[in-house]
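One letter stands for each residue in the lines below.
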Amino acid sequence: MQSSDILSTIGLEHYLVVSAILFAMGMAGVLMRRNLIVMMMSIELMLNAVNLSFVAFSKFNNNSEAQVMVFFVMTIAAAEAAVGLALAVAIFKRFKEVNIRFFEHLKG
Amino acid sequence: MSADAFLFWFLSLLVLVSGLSVVLLTNPVYSALCLAMTMVGVSALFVTLNAYFLAGVQLIVYAGAVMVLFVMVLMLFDLKHETQAFTRGKITGAIKIASVGILAGLVVGAITIGKSLENIKAVADNAQAADTTKILSENLFLKNVFGFEALGVLLLVIAVGTVALSRSKGGTHAK
């Protein structure tokens, strides 16, 4: 009875679990991948996970502040993608490579 | 199983599988396409949460603008094959995977424990079934208008900064 209840009635915790797994995937991408562009894609994945949990809380607590926050997060994400990709283009033109294994000029 | 539940499980499966393939596929173009799929899935999940305006914005901003940016830059780089897609070192890789797994386990455990302690009721069942866009806009333009304007200024600064960055000496035009 309990398992069928979990399957058929979708509550806040379902969305939160999906969001947590998505965030963990993005974090794994940032930690494991070595391509600059794919790392930025993983950051976008994490931001989307956070947005999903914000919207889920907004619905289940009946509060619209969270949706405003999602709006702000989306804008910041777009700005971050623009700046990061401009940096990636600059790095690629200089090193002919987007694998972060080869960028050691900033290494201490 | 009701239509809502089926929709949720289908969409979450879509989002998780395509999100996993963003991380696992070694061709960056395939990663970008899977990321676009993830964005579309998250936008559909927003629709199931009655956030229609945010779903539209998600489609336009992420699946439209940001993904076009990513794919354009990937095409600019012309990455035929990728050497060393993943991090080297078995021990550090295992530590990274373990840390990610511990984080996910902690969060999921906290959610399930929180559910057993306090059963969060879905307040949204009876009240405001549909019209969250009007409430969102009132909140955005009456209470948070300063943040909204600050974001406008931020976007202007970012646009100028991006152009300056891509034209700077030592950047794209370095000899």
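Residues numbered from 1 in each chain as written. Chains lettered and ligands numbered in written order. Predicted model: local features only at pLDDT ≥ 70, side-chain atom pairs only at ≥ 80, totals over all residues.

**A word on the overall build of chain A**
Point 1. Along the backbone of chain A there are four helices and zero strands.
Point 2. In terms of overall dimensions, chain A is more spread out than a globule: its C-alpha atoms have a radius of gyration of 18 Å, far above the 13 Å expected for 108 residues.
Point 3. In terms of its C-alpha atoms, chain A occupies a principal-axis envelope of roughly 60 × 30 × 20 Å.
Point 4. For chain A, with 108 residues in total, the buried portion stands at 52%.
Point 5. Taking contacts inside chain A between residues at least 6 apart in sequence as the whole, the part at least 24 apart equals 46%. (Helix = DSSP H or I, 4+ residues; strand = E, 2+ residues; numbered from the N terminus. Rg over C-alpha atoms; globule rule 2.2 N^0.38 Å. Buried ≥ 20, exposed ≤ 12 C-beta atoms within 10 Å, placed from the backbone. Contact = placed C-beta atoms within 7 Å.)

**Considerations on the overall build of chain B**
Point 1. The helix and strand inventory of chain B stands at six helices and zero strands.
Point 2. Mapped in sequence order, the helices and strands of chain B form the string α-α-α-α-α-α.
Point 3. For chain B, buried positions account for 21% of its 175 residues.
Point 4. Residue pairs at least 24 apart in sequence account for 51% of intrachain contacts in chain B once pairs closer than 6 positions are excluded.

**Examining the confidence of the model for chain A**
Point 1. The share of residues in chain A with pLDDT of 70 or more is 93%, and the mean pLDDT across the chain is 85.
Point 2. Of all helices and strands in chain A, the one with the weakest mean pLDDT is helix H1 (residues 2-8) of chain A (68), whereas helix H3 (residues 36-61) of chain A scores best (91). (pLDDT = per-residue confidence, 0-100.)

**Focus on helix H1 (residues 3-24) of chain B**
Point 1. Between its first and last C-alpha atoms H1 of chain B spans 31 Å; for 22 residues at 1.5 Å apiece the expected length is 32 Å, and the two agree.
Point 2. Listed in full, the buried residues belonging to H1 of chain B are Phe8, Leu11, Ser12, Val15, Ser18, Gly19, Val22 and Val23 of chain B. The arc that holds the buried residues of H1 of chain B, viewed along the axis, is 145°, so those residues lie on one side. Summarising the geometry of H1 of chain B, the exposed residues directed more than 90 degrees from the buried face are Ala3, Phe10 and Leu13 of chain B.
Point 3. On its buried face, H1 of chain B sits against helix H2 (12-32) and H3 of chain A together with helix H2 (28-48) of chain B. (Expected span 1.5 Å × (residues − 1). Arc of directions from axis to C-beta.)

**Observations regarding the packing of H3 of chain A against H2 of chain B**
Point 1. Direction vectors running N to C along H3 of chain A and H2 of chain B enclose 5°, while the axes themselves pass 11 Å from each other. With respect to their mutual orientation, H3 of chain A and H2 of chain B come out roughly parallel. Across the interface between the two elements, Ile37, Val38, Met41, Glu44, Leu45, Asn48, Leu52 and Val55 of chain A of H3 of chain A pack against Pro28, Ser31, Ala32, Leu35, Thr38, Met39, Val42, Leu45 and Phe46 of chain B of H2 of chain B.
Point 2. Taken together, the residues of the contact of H3 of chain A with H2 of chain B break down into 13 nonpolar, three polar and one charged. (Axes fitted to C-alpha atoms, helices over the stretch in contact; angles between N-to-C directions. Parallel < 35°, antiparallel > 145°, perpendicular 65-115°, else oblique. Nonpolar A, V, L, I, M, F, W, Y, C, P; charged D, E, K, R; others polar.)

**As for the interface of chain A and chain B**
Point 1. Between chain A and chain B, the residue contacts involve 65 residues of the former and 76 residues of the latter.
Point 2. For the side of chain A that touches chain B, the secondary-structure elements that each account for two or more residues are H1, H2, H3 and helix H4 (65-95) of chain A.
Point 3. Per-element tally for the side of chain A that touches chain B: the top contributor is H4 of chain A, with 22 residues.
Point 4. The residue makeup of the side of chain A that touches chain B, split by class, is 41 nonpolar, 15 polar and nine charged.

**Details of unusual backbone geometry**
All names here are of chain A.
Point 1. Positive phi, close to 60°, is recorded for Asn62, a residue that is not glycine.
Point 2. Mapped onto the secondary structure, Asn62 falls in the loop between H3 and H4.
Point 3. With 16 C-beta atoms packed within 10 Å, Asn62 lands in the partly exposed category.

**What about the nonpolar core?**
Point 1. Counting 65 residues, the largest nonpolar core has Ile37, Met41, Leu52, Val55 and Ala56 of chain A together with Leu35 of chain B as the members making the most contacts within it.
Point 2. For this core, the secondary structure elements donating two or more residues are H2, H3 and H4 of chain A together with H1, H2 and helix H3 (52-77) of chain B.
Point 3. Here this core takes 14 residues from H3 of chain A, the largest share from any one element.
Point 4. Apart from residues no more than four positions distant in its own chain, Leu52 of chain A is found in contact with Tyr15, Val18, Ser19 and Leu22 of chain A together with Val42 and Leu45 of chain B. (Core = buried A, V, L, I, M, F, W, Y, C linked by C-beta atoms within 7 Å.)

**Regarding the confidence of the model for chain B**
Point 1. Residues at a pLDDT of 70 or more form 83% of chain B, whose mean pLDDT is 83.
Point 2. Scored as a whole, the predicted complex attains pTM 0.86, and scored at its interfaces, ipTM 0.88.

**Thoughts on the environment of Gly56 of chain B**
Residues and elements named next belong to chain B.
Point 1. Along the polypeptide, Gly56 turns up in helix H3.
Point 2. For Gly56, a count of 14 C-beta atoms within 10 Å corresponds to the partly exposed category.
Point 3. Each C-alpha atom, one on Gly56 and one on Val40, is 10.0 Å from the other, the two residues being 16 residues apart in sequence.

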